[in-house]
Structures are given as structure tokens and as C-alpha cells.
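Fold and contact review
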Amino acid sequence: MVHTYPLRVRVSVYCSECLARIELPPPQETISGSVSCPSKHSSISFCHSETIKAGSRVDVCSRCSSTALFTQKDFDQRLGCAILAAGAAVALGVSWRFGGIWFVPVLLLVAAADLVLARRVAAVVICYQCDTEYRGVADASATRSYDPHVAERFADVKTVRRMNP
Ligand SMILES: [Zn+2]
Ligand SMILES: [Zn+2]
């Protein structure tokens, strides 16, 4: 599903030394530059691709130029389960109070609400190599979801980088 309304892409990077999260200026306004964390560790330079600037999808990472990216819902799966569990409890209570005929409709209503909530929660695109996060990307589904095999390849790189800051 491609949204046509203007989305604002928000990019956050993490300091390699203290893991502080730093929000980059909007790509539409600042295509490249550098930022540093509040503790003034080594600065992080970035350069957004045209695709990121347009906000359609993430093709290459603005920080490390890696093309290995994954997408995930910016939403806690456990929260979705908790809502459904609470809904089932409510449905049970309602059907106990007003009759069993209400159990299924109430449960369906809660499931629908859960679905709407899950859809409204935008996806976040994340770089395997440097953990940079991209929010508000229109076509986040163009990026594959998390693959532990790909992550494994980058785990070594990360360890090396953290040992030699
Ligand atoms: Zn830092
Ligand atoms: Zn990256």
C-alpha cells in the first residue's frame, strides 16, 4: 500500500560509543551533514539518498551506505496480544452478564480494533549495520522484514567497531 499524503521521514542514529539516540534533521531540509551525541563523542556524518529525501522508501543507509535493511512494526507485539486477551475477558464478562449471544460480536469488535491499531502503527526501517532507524517511510513494505541470518553477518562487524571506536 503506497500512501500519497506527504509523509515526513524521521531518521535517528545511535552514537557508537554511548548508544545515545540522535534525531537527524528532516531529510527534506538537510540532505547531508553531521551530528554528535550530547556527550560530544565522534560525530556521525550522514547523507540521504534521493529516495529517502522523497520519503518513498529506504534504499541505502544514510549513515553507512549499507543496503542491508529490515522493517518491523514500530509497535510492541505483546501489546497486541494483551489487547486481545483483555478483549476476550471483556467478551466473557459481557456474555456472562447479557447472554452468550454477545461473546462473538464483542470479540470481533476487539479484534477489529486491534487490527486498526496495528495498521495505524507505522513500520520502522532499520539498518542492520549501524541501527539507524527510518520512520514515516511511505513504502516500508518494500524492505524485507528482519532476517537473523543477515543480522549474523553484521554482528561481527559491530563487535569490531565497538572494540575500536
Ligand atoms: Zn556518545
Ligand atoms: Zn547503516
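Position numbers for residues start from 1 in each chain and track the written sequence from start to end. Here chains are named by letter from A upward and ligands by number from 1 upward, in the order in which they appear as written. Where local features are concerned, this predicted model is filtered to residues with pLDDT of at least 70; where side-chain atom pairs are given and counted, the filter is 80 or more; whole-chain, interface and lining totals use all residues.

Overview of the overall build of the protein chain
Only DSSP runs of H or I reaching four residues or more are called helices, and only runs of E reaching two or more are called strands; each is numbered from the N terminus. Assigned secondary structure in the protein chain consists of 4 helices and 7 strands. Exposed residues have 12 or fewer other C-beta atoms within 10 Å of their own C-beta, buried residues have 20 or more, and partly exposed residues fall in between, where C-beta atoms are placed from the backbone. Looking at the protein chain residue by residue over its 165 residues, the buried ones come to 20%. Residues are scored as being in contact if the C-beta atoms we place from backbone atoms lie within 7 Å. Intrachain contacts of the protein chain at a sequence separation of at least 6 include 57% that bridge at least 24 residues.

A few points about the environment of Ser49
Mapped onto the elements of the fold, Ser49 is located in the loop between β4 (44-47) and α1 (50-54). Residue classification places Ser49 among the partly exposed residues on the basis of 16 C-beta atoms within 10 Å. Along the chain, Ser49 and Pro27 lie 22 residues apart, while their C-alpha atoms are 8.9 Å from each other.

Considering the nonpolar core
The nonpolar side chains of a soluble globular protein tend to be buried with one another. Ranked by internal contacts, the top residues of the largest apolar core, which has 20 residues, are Val58, Leu69, Val125, Cys127, Tyr134 and Val137. Elements with a contribution of two residues or more to this core: β1 (10-14), β4 and β6 (123-127). In terms of residue count, the dominant contributor to this core is β6 (4 residues). Apart from residues lying up to four places away in sequence, Val125 is in contact with Val58, Leu69, Thr71, Tyr134, Val137, Ala140 and Thr143. To define a nonpolar core, we join buried Ala, Val, Leu, Ile, Met, Phe, Trp, Tyr and Cys residues through C-beta atoms within 7 Å and take the resulting set.

Remarks on the sheet that holds strand β2 (residues 21-23)
Ordered in space as β2-β1-β7-β6-β5, the 5 strands form an open sheet in which the pairing is antiparallel. Single-partner strands in this sheet number two, and they are β2 and β5 (69-73). Across the sheet, the mean angle from the axis of one strand to that of its neighbour is 25°, orientation sign disregarded. Pairs of strands are assigned from DSSP output, requiring at least two bridges between the strands. As judged from the 3 bridges shared by β1 and strand β7 (residues 133-135), these two strands associate in the antiparallel manner. In the sheet register, Ser12 faces β7, and the bridge partner there is Glu133. Note on definitions: angles span 0 to 180 degrees between N-to-C directions of axes, and those axes are lines fitted to C-alpha atoms, for helices only across the stretch in contact.

Some remarks on the pairing of β1
Only one face of β1 is buried: it carries Val11 and Val13, and the other face, with Arg10, Ser12 and Tyr14, is open. Taken together, the 3 bridges between β1 and β2 define a ladder with antiparallel strand orientation. By the bridge assignment, Ser12 is partnered in β2 with Glu23. Two successive antiparallel strands, β1 and β2, enclose a turn made up of 6 residues, where Leu19 displays a positive phi of approximately 60°.

Things to note about the confidence of the model for the protein chain
When pLDDT is averaged along the protein chain, the result is 86; 88% of the residues meet or exceed 70. Known as pLDDT, the predictor's confidence for each residue is given on a scale from 0 to 100. Predicted confidence is poor over residues 1-5, with pLDDT under 50, and the contacts of this stretch with residues over four places away or in other chains come to 3 contacts.

Focus: the pairing of β4
Along β4, the buried face is formed by Ile44 and Phe46; none of Ser45 and Cys47, which line the opposite face, is buried. Direction of pairing for strand β3 (residues 32-35) relative to β4: antiparallel, over a ladder of 4 bridges. Within β4, the position partnered with Gly33 by the bridge is Phe46.

A look at unusual backbone geometry
Even without being glycine, Lys40 reaches a positive phi, approximately 60°. Relative to the helices and strands, Lys40 resides in the loop between β3 and β4. For Asp131, which is not a glycine, the phi torsion comes out positive at approximately 65°. Position of Asp131 relative to the elements: it lies in the loop between β6 and β7. Given 18 C-beta atoms within a 10 Å radius, Asp131 is considered partly exposed.

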